[in-house]
Amino acid sequence: MAQTEPPKAARLWREAALRARKLRDEPEPEPEPEPEPDAGPPGGPPQPPAAAAATAGPRRPPPASALGELEALNLSGRGLEELPEEVGAALSGLRVLSLRRNRLCRLPAAALRHLGRLAELDLSHNRLRGLGDGGALAGLRGLRKLSLSHNELGAEGSGLPARLAELGRLEELDLSFNRLRRLPEGLGRLRHLRALDVDHNQLPSFPAPLLELAALEELDCSGNRHLGALPEGIAALRRLKILWLSGTGLAALPEGLCQLGALESLMLDGNQLRALPAGFGGLQRLKMLNLSSNLLGEFPAAILALPGLEELYLSRNQLTVLPSHLCQLHQLRTLWLDNNRIRYLPDSIVLLHSLEELVLQGNQIAILPEGFGQLSRVTLWKIKDNPLIQPPYEVCMKGIPYIAAYQQELAHSQPALKPRLKLVLMGPKDAGKTLLRRCLMEEDGQKEDLGSLDAGNTQPRGCPGQQQDVGRVPVVCCPFLEDSSSVRVPAVQQPEHFPVEQQDVPSHVPSHRGKGETPCPAPSLDASQVPSGLGLSGSKGIEVMDWTADAERGLTFIVYELAGDPSYDVIQSFFLSPGALYVLVVNLSAYVPQRFYPSVGYFLHWLGSKVPHAVVCMVGTHADLCAERELEEKCLDIHHQIAQQEKRDAEGLQSLVQQVDEALGQDFDLRCSSPHTAFYGVSDKNLRRKKAQFQYLLNHRPQILSPVLPFSCRDRCQVRRLRDKLLSVAEHRDIFPNLHRVLPKSWQVLEELHFQPQAQQLWLSWWDSARLGLQAGLTEDRLQSALSYLHESGKLLYFEEHLTLREYVFHNLPRLIDILNVFCQQDATVLLQKLLSDTHIDELRATQLHHYVEGFLLHGLLPAHVIRLLLKPHIQSREDLQLILELLEKMGLCYCVNKPKCKPLNGAAAWYKFPCYVKNEVPHAEAWINGANLSGQSFVVEQLQIEYSFPFIFPPGLFARYSVQINSHVVQRSDGKYQIYAYRGKVPVVVSYRPARGALQPDTLSIASHASLPNIWTAWQAITPLVEELNVLLQEWPGLYYTVHVLCSKCLKRGSPNPHTFPGELLSQPRPEGLTEIICPKNGSERVNVALVYPPTPTVISPCSK
Ligand SMILES: Nc1nc2c(ncn2[C@@H]2O[C@H](COP(=O)(O)OP(=O)(O)OP(=O)(O)O)[C@@H](O)[C@H]2O)c(=O)[nH]1
Ligand SMILES: [Mg+2]
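Now for a description of the structure that goes with this document. These figures come from a predicted structure and were not determined experimentally.

Criteria and cut-off values
- Residues numbered from 1 in each chain as written.
- Chains lettered and ligands numbered in written order.
- Predicted model: local features only at pLDDT ≥ 70, side-chain atom pairs only at ≥ 80, totals over all residues.
- Heavy atoms only, no water.
- Pairing = 2+ DSSP bridges.
- Helix = DSSP H or I, 4+ residues; strand = E, 2+ residues; numbered from the N terminus.
- Expected span 1.5 Å × (residues − 1).
- Buried < 20%, exposed > 50% of the residue type's maximum accessible area, 1.4 Å probe, protein only.
- Contact = heavy atoms within 4.5 Å.
- 1 Å grid on protein atoms, 1.4 Å probe; cavity = no way out; pocket = protein on both sides within 12 Å on 5 of 7 lines; lining within 4 Å.
- Points joined across faces, edges and corners; volume = space filled by probe spheres on them.
- Nonpolar A, V, L, I, M, F, W, Y, C, P; charged D, E, K, R; others polar.
- Axes fitted to C-alpha atoms, helices over the stretch in contact; angles between N-to-C directions.
- Phe/Tyr/Trp six-rings, centres within 6.5 Å; stacked < 30°, edge-to-face > 60°.
- Lys NZ or Arg CZ within 6 Å of the ring centre and 35° of its normal.
- Core = buried A, V, L, I, M, F, W, Y, C linked by side-chain atoms within 4.5 Å.
- Lys, Arg positive; Asp, Glu negative; His and termini not counted.
- Salt bridge = Lys/Arg side-chain N within 4 Å of Asp/Glu carboxyl O.
- Polar contact = N/O pair within 3.5 Å; in protein donor to acceptor, adjacent residues only side chain to side chain.
- Parallel < 35°, antiparallel > 145°, perpendicular 65-115°, else oblique.

1. Quick look at the sheet that holds strand 25 (residues 861-863)
Then, in step 1: Read from one edge of the open sheet, three strands run 25-27-26, paired in antiparallel fashion. Sheet topology places strand 25 and strand 26 (895-896) at the edges, where each strand pairs with a single neighbour.
Then, in step 2: With two bridges joining them, strand 26 and strand 27 (residues 911-913) adopt antiparallel strand pairing. Residue pairing in the sheet places Tyr895 in a bridge with Lys913 of strand 27.

Have a look at this one:
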């Protein structure tokens, strides 16, 4: 769901840490653009009309005669190791010189001697370790601006030379990002110094000489982690307007700080402040205050005394309450309060009429104050991760205008309460899902007409709670159900780090569930043992039904029972949605510890990748077939292994965050300097995005609510106990706020209209639904929220985020599921039964149908008229069939193999291919073999291959769905079980899936093509749309971790079994200018043409971003 986030606001959010810097005169753009040849460097002094300036480089060398008149020269990024004296001598008129981003290890003293007129000198991003005796600089008497940032000054223990203080006219000095432990004593003599940056050094305390700099207006000391305290004497800096003290280890502030009457911006984030000094209100000019990432437990009252405050950042503290008079800060434009523990907002917040940014993400807010919609100027709005009840979460996520509409709605309607929760049963084949569901529902004597439980079952094992108390075992799952007052905890508390070599591959790539690889069947009940009516007939596939579990309260579960058979995988994920309660069922009698992954771990990975914060309840069936001790041991083992899996996953992610952090700590240039470095060439933006994604995955772990609850269908007591547990979980406000919502009357009317008896269609188009919305009094914009709510509660399916499926509203679930089930179950008998149900079928026809079924089960091919027969009960007209086929295509189940791109088929039978049924291992490979390299010989062609790896889990059904998705992009395709050969125009492409092979080789999906080097753009053109299509599909899996790489074409050509991989992020970055070849680290000296790594135009979506 999208939050209100115009592009500008989104940018602001990402660059949160940097945004305060806008207060500086002119922030430096990064990466640095090349200045125009006829302009001075940014921030340079106004140019006199006749002044000349130049950017050195091959493009336009200034004529030698003009050199002496040159006033500005930009030599940045030229790889210079020195500046010869002659250059200085020839440029004696220079006023501005940039030597930024070079490789200078020493000051170019000899050249500088000739540059006495210099006013600005930029030596940042070099390798300076010292400044000698300072004489070379001291000679630049007219210098006003000097940048020495991003060097290694102080690395050898020496500080800066005292002669630096001789630069009497200096106004701006940047010493940031060095290793300075002290500043020269005489620094205080720089009487004209207005701006001083000493941030990100190693200063052990606040340097005393700074207190003498009376003209100072801006001081940045951030990132000196051990500064520890500020001196009282800081009050001497009376002119200070901007003060940066982020991440300096401050635990308290001196009163002296409160005397800085000119201060406008104060950055104090990333410290250990628990309070502000009493006199803080004295900072009457303060406009921006950043107190994020401190230890504030209470909102500092002194802040309310700052009426001019425009920006206030209090993210990541421990605030629980906001003052009721918050509205006193009536100039406030920006208020960030994310990641605190705020439970409610003061009513007066709605009076902050100037507010443009309001960030409340990650708190405990359940209800927004009335009139919240008045905050109409808010454009940056973040509210995720709050247990919102009123307005409902979906509405809040959509933005302030939706909240305003909802609140109006509520004011004008009779509220109605209708508790209902989606309950999803999942687990392997024969786990006991169906029987469990039936027992639960029978317990209440409703819905299914079932007889009483087995009369022989007179000696139950006793209530399991007494029999074994797994709640007491010291495992990480929260025994939530035992103690309803406890708070949920993530399964893993203290992740440790991965070894570095394992970079992207967690150590435990588990074995696949594998098709047909289900737990060994346990001895089951025979017909005489089963409660009458609880038949043993085979699985019906996915089923959905209502279960009124608590008639008194009218609480209804909408039960979705998934099929254990992997052949249903291609459609099952459509039924996993946020806001549901998941019951993971495991057959305890068949369970052995070695089968943990296929029985339990796999399902948690699957669920977690689709619904990152899913709430899961573990149930172990067949308890009646286990001895008491066995039961206890198995439950314990499952419990431990869940915890281990969770810990490993979290540790893996944590170490990835660390690796990204380390890379971010380096300079982009350094990352580009050698392909050996981690994240070679990846931009800061892409790295930050990657880190944010890992953090999202870490913060959204599955929530496992209980130890395994043992269950036997033969034991009434256990059945009742499970029912009560499910009800008590559902009751929890924090977990399932849906159940406690007061909903607008119009939403209820909308629901009724969708389910009125005459609404028998298989689905409604979005427009049909909108018409019903209007009848209920809901305009289009308000309808969206109501539909999202109905989707989450399980009442209907509405895929708001799906590009094509969002045109439908599926209100008739049993019929939809009935149709989908037909194409997933792989039983010839069942299919034939459906086809032959018509009594008029003669023998010849019957044999024909037999053939069709055989072909279907082997190659996944069916003609439209046979599909029509299979769906007979659902199809009245030709149009119905067409619509259903269209839907199946959109869902990724099948594609038409012989439909011309735009014209309809002229009378000929349309054939449909269902990729999930394709059994043949190898497709026809002529396309690829013609002139290409499968066996390792080298040819004239170059290969492109993009590889997606899935270290935790490969989304079930993804290959089949992807295979349908790409159909509109390719021709002459030939499908195998794991491979597709096809053409894009005349260029061959191959898509291959490779299942995991052992711990270090996860599942991969790769997209490849080839062409000769001069024509390599054609290969890029062939694969790029396929890459983009996969990226779109993968966005349906917000909790999925995967990596993308561009394989080294030189390694591929050599037939290397383990080709080098370049980061997939490069696909979304422009080709670096001036770079023609990249060295392949695998083979040391081999050079890969840059056109084989970067596409001609960057892809739209970064392949690794969500
Ligand atoms: N003894 C015993 N048998 C059980 C129990 N629960 C299920 N069974 C039997 O186990 C077999 C499989 O149970 P189902 O409920 O059909 O399993 P399922 O999980 O729905 O399987 P799929 O629908 O194929 O995914 C059936 O023969 C059931 O009668 C139980 O608690 N005790
Ligand atoms: Mg079943």
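2. Details of helix 7 (residues 400-411)
Then, in step 1: Here helix 7 spans 16 Å end to end across twelve residues, near enough to the 16 Å set by a 1.5 Å rise per residue.
Then, in step 2: Taken as a whole, helix 7 has its buried residues at Ile400, Ile403, Ala405, Tyr406, Gln407 and Glu409.
Then, in step 3: Summarising the contacts, the buried residues of helix 7 are in contact with strand 15 (380-382), helix 6 (393-398), helix 16 (745-754) and helix 18 (780-792).

3. Quick look at empty space enclosed by the protein
Then, in step 1: Applying the stated rule across the entire model yields seven cavities of 30 Å³ or more.
Then, in step 2: Taken as a whole, the largest cavity spans an internal volume of roughly 210 Å³.
Then, in step 3: Along the walls of the largest cavity sit 20 residues, with His605, Gly608, Asp649, Arg701 and Gly1039 positioned nearest its centre.
Then, in step 4: Put simply, the parts of the chain that give the lining of the largest cavity at least two residues each are helix 11 (596-610) and helix 12 (628-665).
Then, in step 5: Take the lining of the largest cavity: its biggest share by element is five residues, from helix 12.
Then, in step 6: When its residues are assigned to classes, the lining of the largest cavity shows eleven nonpolar, six polar and three charged.

4. As for the sheet that holds strand 34 (residues 1061-1063)
Then, in step 1: Strands sit in the order 29-30-31-32-28-33-34 across an open sheet of seven strands; the sheet is antiparallel. With partners counted over all chains shown, the strands left at the sheet margins are strand 29 (971-975) and strand 34, one partner each. Across the sheet, the mean angle from the axis of one strand to that of its neighbour is 20 degrees, orientation sign disregarded.
Then, in step 2: As defined by bridge partners, strand 28 (residues 941-950) adjoins strand 32 (residues 1003-1012) across ten bridges and the pair is classed as antiparallel. Residue Gln945 lies in a different strand from strand 32, and its bridge partner there is Ala1008.
Then, in step 3: Along the sheet face, helix 26 (residues 1016-1034) touches strand 28, strand 30 (979-984), strand 31 (987-994) and strand 32 and points at about 160 degrees away from the line of strand 32.

5. Some thoughts on the environment of Gly157
Then, in step 1: Summarising the element assignment, Gly157 is placed in the loop between strand 5 (145-147) and strand 6 (172-174).
Then, in step 2: For the pair Gly157 and Arg181, spaced 24 residues apart in sequence, the C-alpha to C-alpha distance is 7.8 Å.

6. Comments concerning the packing of aromatic side chains
Then, in step 1: All chains considered together, the criterion is met by 29 aromatic pairs.
Then, in step 2: Taken together, a centroid distance of 5.6 Å and an interplanar angle of 75 degrees make the contact between Tyr406 and Trp747 edge-to-face. Placement of Tyr406 in helix 7 and of Trp747 in helix 16 is noted, with a sequence separation of 341 residues between them.
Then, in step 3: What makes Tyr406 buried here is its relative accessible area of 3%.
Then, in step 4: Taken together, the aromatic side chains of Tyr948, Phe950, Phe954, Phe959, Tyr978, Tyr993 and Tyr1042 make up a single cluster linked through ring pairs.
Then, in step 5: In this arrangement the basic side chain of Lys610 is found over the ring face of Trp1037, its NZ or CZ atom lying 5.5 Å from the centre.
Then, in step 6: Looking at Lys795, its charged tip hangs above the ring of Phe755, at a distance of 4.9 Å from the centre.

7. Some thoughts on the nonpolar core
Then, in step 1: Ile638, Phe823, Tyr948 and Leu1005 are the most contacted members of the largest nonpolar core, which totals 148 residues.
Then, in step 2: Membership of the second largest hydrophobic core comes to 121 residues, among which are Leu291, Ile365, Val395 and Ile403.

8. A word on unusual backbone geometry
Then, in step 1: Look at Phe177: it is not a glycine, yet its phi comes out positive at around 55 degrees.
Then, in step 2: Looking at the secondary structure, you find Phe177 in the loop between strand 6 and strand 7 (195-197).
Then, in step 3: The exposure class of Phe177 is partly exposed, given its relative accessible area of 35%.
Then, in step 4: Here Ser293, not a glycine, exhibits a phi torsion of approximately 50 degrees, which is positive.
Then, in step 5: Locating Ser293 in the fold gives a position in the loop between strand 11 (288-290) and strand 12 (311-313).

9. Regarding the side chain of Lys913
Then, in step 1: With respect to the secondary-structure elements, Lys913 resides in strand 27.
Then, in step 2: The side chain of Lys913 sits in the buried core without any salt bridge; Asp975 is the nearest counter-charge, 5.2 Å away.
Then, in step 3: Looking at Lys913, its side chain comes within polar contact range of the main-chain oxygen of His859, at 3.3 Å.
Then, in step 4: With sequence-adjacent residues up to four places away left out, Lys913 is seen in contact with His859, Gly860, Leu861, Leu893, Cys894, Tyr895, Val897, Val918 and Asp975.

10. Considering the packing of helix 17 (residues 766-775) against helix 18
Angle between the axes and distance between the axes are the two parameters that describe a pair of packed helices.
Then, in step 1: Interaxial distance between helix 17 and helix 18 falls to 10 Å at its minimum, and their mutual angle equals 105 degrees. Comparing the axis directions of helix 17 and helix 18 gives the class roughly perpendicular. Contacts between helix 17 and helix 18 involve Trp766, Trp767, Ser769, Ala770 and Gly773 from the first element and Glu780, Leu783, Gln784 and Leu787 from the second.
Then, in step 2: By residue class, the composition of the contact of helix 17 with helix 18 is five nonpolar, three polar and one charged.

11. Overview of the side chain of Thr248
Then, in step 1: By the secondary structure assignment, Thr248 is in the loop between strand 9 (242-244) and strand 10 (265-267).
Then, in step 2: On the basis of relative accessibility, which here comes to 0%, the residue Thr248 falls in the buried class.
Then, in step 3: Here Thr248 is in contact with Cys221, Ser222, Gly223, Asn224, Arg225, His226, Leu227, Gly228, Gly270 and Asn271, once residues within four sequence places are set aside.

12. Describing the environment of Leu803
Then, in step 1: Checked against the element boundaries, Leu803 lands in the loop between helix 18 and strand 24 (808-809).
Then, in step 2: We classify Leu803 as exposed; its relative accessible area is 57%.
Then, in step 3: When the C-alpha positions of Leu803 and Lys890 are compared, they lie 9.4 Å apart, and in sequence the two are 87 residues distant.

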